[in-house]
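Structural description and commentary
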Amino acid sequence: AIQPNSFEDLLASSRDRTPWLRLVEAEHTAPIRTLELDASGQNLFTAGEDKVVHHWKIETPKPDNPAQALRLRHHATYRWQVQRAERGTILSLLSSGDELFIAGAGADGQQGEIVAINTVTGAWLAPLVDVQQGHHAPILKTRMLSSGPQRRIVSLDDQHAIGLWTQDTNRGTWMFRGLRKPSV
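Please read all numbers here as calculations on a predicted model, not as lab measurements.

Turning next to the overall build of the protein. A tally of helices and strands in the protein yields 1 helix and 12 strands. Reading the helices (α) and strands (β) of the protein from amino to carboxyl end gives α-β-β-β-β-β-β-β-β-β-β-β-β. Burial statistics for the protein: of 184 residues in total, 39% are counted as buried. For the protein, long-range pairs separated by at least 24 residues make up 37% of all intrachain contacts whose partners lie at least 6 apart in sequence. Counting every atom, the protein has about 11400 Å² of accessible surface; 53% of that belongs to carbon and sulfur.

Bringing the sheet that holds strand β12 (residues 173–180) into the picture now. One open sheet accounts for 4 strands, arranged β9-β10-β11-β12; its pairing is antiparallel. Across the chains shown, the open sheet's two edge strands, defined by having one partner strand only, are β9 (139–146) and β12. Each strand axis lies, on average, 25 degrees off the axis of its neighbour in the sheet, ignoring direction. The pairing of strand β10 (residues 152–157) with strand β11 (residues 162–168) spans 5 bridges and is antiparallel. Opposite Val 154, over in β11, you have Leu 164 as the bridge partner.

With that out of the way, let us pick up the layout of surface pockets. Taking a probe equal in size to a water molecule and rolling it over the atoms shows the remaining empty space. By volume, the second largest pocket is sized at about 190 Å³. Contributing to the lining of the second largest pocket are 13 residues, with Gln 133, Gly 134, Ala 161, Phe 176 and Pro 182 lying nearest its centre. Here the lining of the second largest pocket takes 3 residues from β12, the largest share from any one element. A per-class count over the lining of the second largest pocket returns 4 nonpolar, 6 polar and 3 charged.

All right, on to the pattern of salt bridges then. Applying the stated criterion across every chain yields a total of 5 salt bridges. The residue Glu 49 makes a salt bridge to Arg 33 at a minimum N-O spacing of 2.4 Å. Residue Glu 49 is found in the loop between β2 (43–48) and β3 (52–59), and its partner Arg 33 is found in strand β1 (residues 32–37); the two are separated by 16 residues along the sequence. Taking the relative accessible area as the measure of exposure, Glu 49 reaches 33% and is therefore partly exposed. By relative accessible area, Arg 33 is classed as partly exposed at 47%. Among the salt bridges present, the one from Glu 59 reaches Arg 73, with a minimum N-O distance of 2.9 Å. A residue pair is termed long-range when its members are at least 10 positions apart, and Glu 59 in strand β3 and Arg 73 in strand β4 (residues 71–79) qualify at 14 residues.

Another point: the side chain of Asp 157. Along the chain, Asp 157 turns up in strand β10. For the buried Asp 157, no salt bridge is present, and the opposite-charge side chain at shortest range is Arg 180, 7.3 Å distant. Side-chain polar atoms of Asp 157 contact the backbone nitrogen of Gln 159, separated by 2.8 Å. Leave out the neighbours within four places in its chain, and Asp 157 touches His 135, His 136, Ala 137, Pro 138, Ile 139 and Leu 140.

Turning our attention to the sheet that holds strand β6 (residues 99–105). If you walk across this open sheet you meet the 4 strands as β5-β6-β7-β8, and the pairing is antiparallel. Each having just a single partner strand, β5 (89–96) and β8 (124–128) make up the two edges of the open sheet. Ignoring which end each strand starts from, the neighbouring axes of this sheet average 25 degrees apart. Inspection of the sheet shows β6 paired to strand β7 (residues 112–118) by 7 bridges, in the antiparallel sense.

Reading guide: rules and limits
Residues numbered from 1 in each chain as written. Predicted model: local features only at pLDDT ≥ 70, side-chain atom pairs only at ≥ 80, totals over all residues. Heavy atoms only, no water. Helix = DSSP H or I, 4+ residues; strand = E, 2+ residues; numbered from the N terminus. Buried < 20%, exposed > 50% of the residue type's maximum accessible area, 1.4 Å probe, protein only. Contact = heavy atoms within 4.5 Å. Areas by Shrake-Rupley, 256 points an atom, 1.4 Å probe, with all protein chains shown as cover. Pairing = 2+ DSSP bridges. Axes fitted to C-alpha atoms, helices over the stretch in contact; angles between N-to-C directions. 1 Å grid on protein atoms, 1.4 Å probe; cavity = no way out; pocket = protein on both sides within 12 Å on 5 of 7 lines; lining within 4 Å. Points joined across faces, edges and corners; volume = space filled by probe spheres on them. Nonpolar A, V, L, I, M, F, W, Y, C, P; charged D, E, K, R; others polar. Salt bridge = Lys/Arg side-chain N within 4 Å of Asp/Glu carboxyl O. Lys, Arg positive; Asp, Glu negative; His and termini not counted. Polar contact = N/O pair within 3.5 Å; in protein donor to acceptor, adjacent residues only side chain to side chain.

The structure is reproduced here in structure tokens:
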């Protein structure tokens with residue numbers, strides 16, 4: 001194979017002398033810090049320091065070929081706060097139905113932030129925010145305590161503070177209550 005020495009060599013090797021930009025969407029550009037599998041076992045989410053969530057569909061072997069390996073097919077990319085350049089990182093993912101909660105070290109000034117996206121429509125949902133009492137350190141872990149009409153999420157930050165978020169079903173917003181204060 002001929003190795004092009006310049007941009008002109010690349011253009012000359014192109015059929016129509018048109019430069020092409022190829023973006024590889026299904027790759028992380030920084031370390032992965034978390035992954036989440038949804039309840040169906042058919043959707044895998046990966047995220048990390050590049051502030052990008054990749055949504056993968058898990059293709060299972062056909063019944064007539066059980067020796068076939070599982071395969072991941074890239075389904076979607078969700079970008080969190082890319083306008084903030086390198087500030088922030090995703091440290092926790094939580095899947096609940098069609099919603100994915102994304103938490104970590106925020107880039108908006110408050111350190112611990114949780115945002116949500118509908119993985120079917122791609123629409124961003126109301127964030128979990130309480131500037132006064134909420135987390136002021138990167139959120140390391142989130143877990144759903146209950147589902148249904150009165151959903152509650154528990155969150156842990158890197159200063160050992162634990163918070164409880166309760167959804168107000170009428171307004172769609174989330175209310176915060178501290179269960180354990182930071183240890184700093």
